[in-house]
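The chain contents come next:
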Amino acid sequence: MREGKEEGGEEGGGKIETLSEVVMEHVNGDTETAQEQHYSQAAEDPQEDEEDYEKAITATGYGFFHYWLVAIGGIANASDAVEILCVSILLPAAECDLHMSSSDKGLLNAGVFMGMMVGGYIWGSLGDIYGRKNVLVVSLMVNAIAGIVSSFMQGFPLFFTMRFISGLGVGGSIPLVWAYVSEFQPAGKRGGALSVIAAFWMVGNILVAVLALAIIPYDIGFVTPSFSYNSWRIFLAVCALPSLIIGIVLIFMPESPMFLLLKGRHDETIEILQKIYEQNTKNPARSYPIRKVTIANMKVQTTSSGNAWNTLKDICVQSWRQSNALFSRSLLRTTMLMLFINFAIQFGYYGLWLWFPELFNRLQIYYNDHPDAKVSVCDLTNFEGNQTSEVSHCNSEEDIVDPQALVNTLITAVAPLPSNLWTIFYMDRLGRKFFLVLSMVLSGGSAFGIYFVKSATDNLILSCVFGAVSTMGFNALDCLGAELFPTHLRSTALAVTLLAARIGAIAGNLVFGSLIDVYCAIPMFMVACLLIAGGILGLLLPNTTRVALT
């Protein structure tokens with residue numbers, strides 16, 4: 001369990017290493033000289049073997065272990081993206097089987113985020129108490145199992161319930177991935193590593209779009225009078241597999257050494273650091289130059305013991321205390337800014353992004369019948385809401401899902417690639433705040449512009465721009481969320497700020513579902529205003545670029 005190499009992780013990660021190494025070697029290359037100097041100094045003066053955690057993790061080098069860890073964290077992040085986006089993609093295909101109105105679709109999208117809102121706080125708090133890795137594994141398994149079970153649900157209430165439970169798992173894995181991976185990174189490498197993980201969100205979007213194109217349009221599965229398991233249900237089950245696989249892989253990874261150090265488990269911390277050093281440098285573990293890691297400026301925590309009731313009570317008390325600590329005088333300003341920015345960016349992104357597959361499908365069906373027409377998204381939703389009945393649509397012989405709409409979804413999933421690469425290579429050079437502010441202001445402007453476009457091509461282009469510029473903000477916010485708060489509060493802080501984010505995502509989906517067929521200009525303008533306001537407030541956040549974790 002302590003080392004991926006002993007359990008076969010080295011053999012399984014060869015290809016990942018090659019992909020990640022090409023990217024990561026370019027990021028923050030100037031830290032290599034500092035590391036070499038550190039090793040040289042340690043060799044010359046072996047008595048100076050007591051160091052703080054930042055120097056201890058830097059002394060392990062940067063090699064196979066870190067590339068493999070970043071790959072695992074990235075795939076875990078991609079699996080969360082798959083689980084979130086798969087629901088919005090299957091809406092056109094599932095609306096007749098589950099008898100969904102536009103409001104029901106908005107509620108279903110929001111249901112995933114309701115689960116994420118609850119799960120994020122629960123799992124995040126448990127991660128600060130019982131460890132990042134073990135709690136992360138459990139949350140991934142909950143996500144995967146609920147996702148597979150949901151594919152068998154025949155009615156909307158049970159389907160909604162299982163997607164809510166799946167959201168519980170997703171809500172836990174997202175904050176824990178960032179806390180877990182960030183605590184293995186030296187300060188000079190952390191921004192690039194977290195940006196790589198954030199870029200895997202795009203990989204998840206591409207994967208789910210490809211799976212949708214490969215499965216949903218085809219007549220596969222079976223249908224009986226009392227039970228159906230057709231293409232969109234198969235698609236849903238397949239989308240749960242990445243979470244299941246990466247949860248199993250994580251079992252063989254070590255716990256965060258920074259977490260263990262805070263728990264007073266110093267010997268285990270040194271053991272893990274030695275094994276990381278061995279994997280990265282190919283030198284014997286005993287030659288790791290540090291024998292003791294200090295806990296200066298770090299708050300040591302103890303693990304509660306006793307019966308189940310006392311343990312549960314201690315969990316609740318500790319979770320409450322940790323949450324309250326985020327609103328102490330020293331952290332209040334930062335916490336409130338992060339709460340609003342997270343709410344704004346997710347109201348805008350998920351309120352609009354999760355409706356793109358539905359809007360693309362409506363546009364494509366309309367343009368198939370009216371090839372020379374030019375309509376805006378809002379013109380079309382008004383038209384469909386007033387002229388087309390749900391019953392006649394479901395009883396028609398035409399395909400419910402136009403394959404071209406799925407192609408458009410795939411294109412928008414690929415669009416963030418350039419901005420992801422930019423953040424990977426320049427996050428530690430230009431800074432987190434630069435990308436956050438630039439992204440939110442530009443995405444607010446592009447969201448405002450969606451209301452005015454008049455052709456399918458224009459809609460697709462502006463949607464790609466919106467996704468691309470939004471990605472930079474998410475990548476920056478992921479780094480900030482992991483860096484702004486001290487280690488003993490990190491998972492809880494990520495969970496609490498993401499709680500505000502989930503509320504924003506839920507509100508965005510409910511607003512869009514309620515107004516998209518009535519007067520869709522209102523949610524478009526709300527998205528634009530919130531994103532721009534959040535970007536401006538981002539200027540007030542502290543700088544964390546190249547700053548050691550506390």
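Residues numbered from 1 in each chain as written. Predicted model: local features only at pLDDT ≥ 70, side-chain atom pairs only at ≥ 80, totals over all residues. Heavy atoms only, no water.

(A) Up close: the overall build of the chain. From N to C terminus, the chain includes 24 helices and four strands. If you take every contact in the chain between residues at least 6 apart in sequence, the share linking residues at least 24 apart comes to 84%. Carbon together with sulfur atoms contributes 63% to the accessible area of the chain, which is approximately 20900 Å² in total. (Helix = DSSP H or I, 4+ residues; strand = E, 2+ residues; numbered from the N terminus. Contact = heavy atoms within 4.5 Å. Areas by Shrake-Rupley, 256 points an atom, 1.4 Å probe, with all protein chains shown as cover.)

(B) Geometry of the pattern of salt bridges. Going through the model one piece at a time under the given rule, you end up with seven salt bridges. The closest approach of N and O atoms between Arg 432 and Glu 483, which form a salt bridge, is 2.6 Å. Of the two residues, Arg 432 sits in helix α21 (residues 432–450) while Glu 483 sits in helix α22 (residues 456–483), which places them 51 residues apart along the sequence. Residue Arg 432 is classed as buried on the basis of its relative accessible area of 1%. (Salt bridge = Lys/Arg side-chain N within 4 Å of Asp/Glu carboxyl O. Buried < 20%, exposed > 50% of the residue type's maximum accessible area, 1.4 Å probe, protein only.)

(C) Structural view of a nonpolar patch on the surface. Taken together, Trp 422, Tyr 426, Leu 430 and Phe 434 make up a surface patch of nonpolar side chains, about 350 Å² in accessible area. It is helix α20 (residues 417–430) that contributes the most residues to the nonpolar patch, three residues altogether. Within the secondary structure, Tyr 426 sits in helix α20. (Patch = residues over 30% accessible without salt bridge, like charges linked within 9 Å, V, L, I, M, F, W, Y side chains within 5 Å.)

(D) Spatial organisation of the confidence of the model for the chain. When pLDDT is averaged along the chain, the result is 77, and 77% of the positions lie at 70 or above. Mean pLDDT values for the elements of the chain range from 40 in helix α1 (residues 9–12) up to 93 in helix α11 (residues 241–250). Low confidence marks residues 1–24, where pLDDT is under 50. Its contacts with residues over four positions away, or in another chain, come to 48 contacts. Residue range residues 382–392 is modelled with pLDDT below 50. Its contacts to residues more than four positions away, or to other chains, number twelve contacts. (pLDDT = per-residue confidence, 0-100.)

(E) How the structure looks around the packing of aromatic side chains. What the rule picks out here adds up to 15 aromatic pairs. Pairing Trp 422 with Phe 434 gives two aromatic rings, centres 6.0 Å apart and planes at 85°, and the pair type is edge-to-face. Here Phe 434 lies in helix α21 and Trp 422 lies in helix α20, a separation of twelve residues in the sequence. Taken together, a centroid distance of 5.0 Å and an interplanar angle of 80° make the contact between Trp 422 and Phe 435 edge-to-face. Placement of Trp 422 in helix α20 and of Phe 435 in helix α21 is noted, with a sequence separation of 13 residues between them. Of the aromatic side chains, those joined through ring pairs into one cluster are Phe 152, Phe 222, Phe 227 and Tyr 229. A cation over an aromatic ring shows up here: Arg 429 above the ring of Tyr 426, its NZ or CZ 5.4 Å from the ring centre. (Phe/Tyr/Trp six-rings, centres within 6.5 Å; stacked < 30°, edge-to-face > 60°. Lys NZ or Arg CZ within 6 Å of the ring centre and 35° of its normal.)

(F) Fine view of unusual backbone geometry. With a phi angle near 55°, His 99 is a residue other than glycine that sits in the positive phi range. Relative to the helices and strands, His 99 resides in the loop between α5 (64–94) and α6 (102–130). His 99 gets classed as exposed once you look at its relative accessible area, which sits at 63%. One non-glycine residue, Lys 282, adopts positive backbone phi at about 65°. Topologically, Lys 282 is positioned in the loop between α13 (266–281) and β4 (292–293). By relative accessible area, which is 54% here, Lys 282 ends up exposed.

(G) Quick look at the packing of helix α7 (residues 132–150) against helix α8 (residues 156–182). Across the interface, α7 lies against α8 with an axial gap of 8 Å and an inter-helix angle of 155°. Judged on the interaxial angle alone, α8 and α7 are roughly antiparallel. Helix-helix and strand crossings are classified by hand; for α7 and α8 the assignment is left-handed. The residue makeup of the contact of α7 with α8, split by class, is 14 nonpolar, eight polar and three charged. (Axes fitted to C-alpha atoms, helices over the stretch in contact; angles between N-to-C directions. Parallel < 35°, antiparallel > 145°, perpendicular 65-115°, else oblique. Left-handed = near helix turned anticlockwise from the far one by under 90°. Nonpolar A, V, L, I, M, F, W, Y, C, P; charged D, E, K, R; others polar.)

(H) Representation of the environment of Val 70. Its location among the elements puts Val 70 in helix α5. Measuring from C-alpha to C-alpha, the distance between Val 70 and Val 177 comes to 9.9 Å, with 107 residues separating the pair along the chain.

(I) Fine view of α8. Taking 1.5 Å of rise per residue, 27 residues should cover 39 Å, and α8 covers 39 Å from first to last C-alpha, within 8% of that figure. Burial of α8 is extensive: 22 of the 27 residues sit out of reach of the surface. (Expected span 1.5 Å × (residues − 1).)

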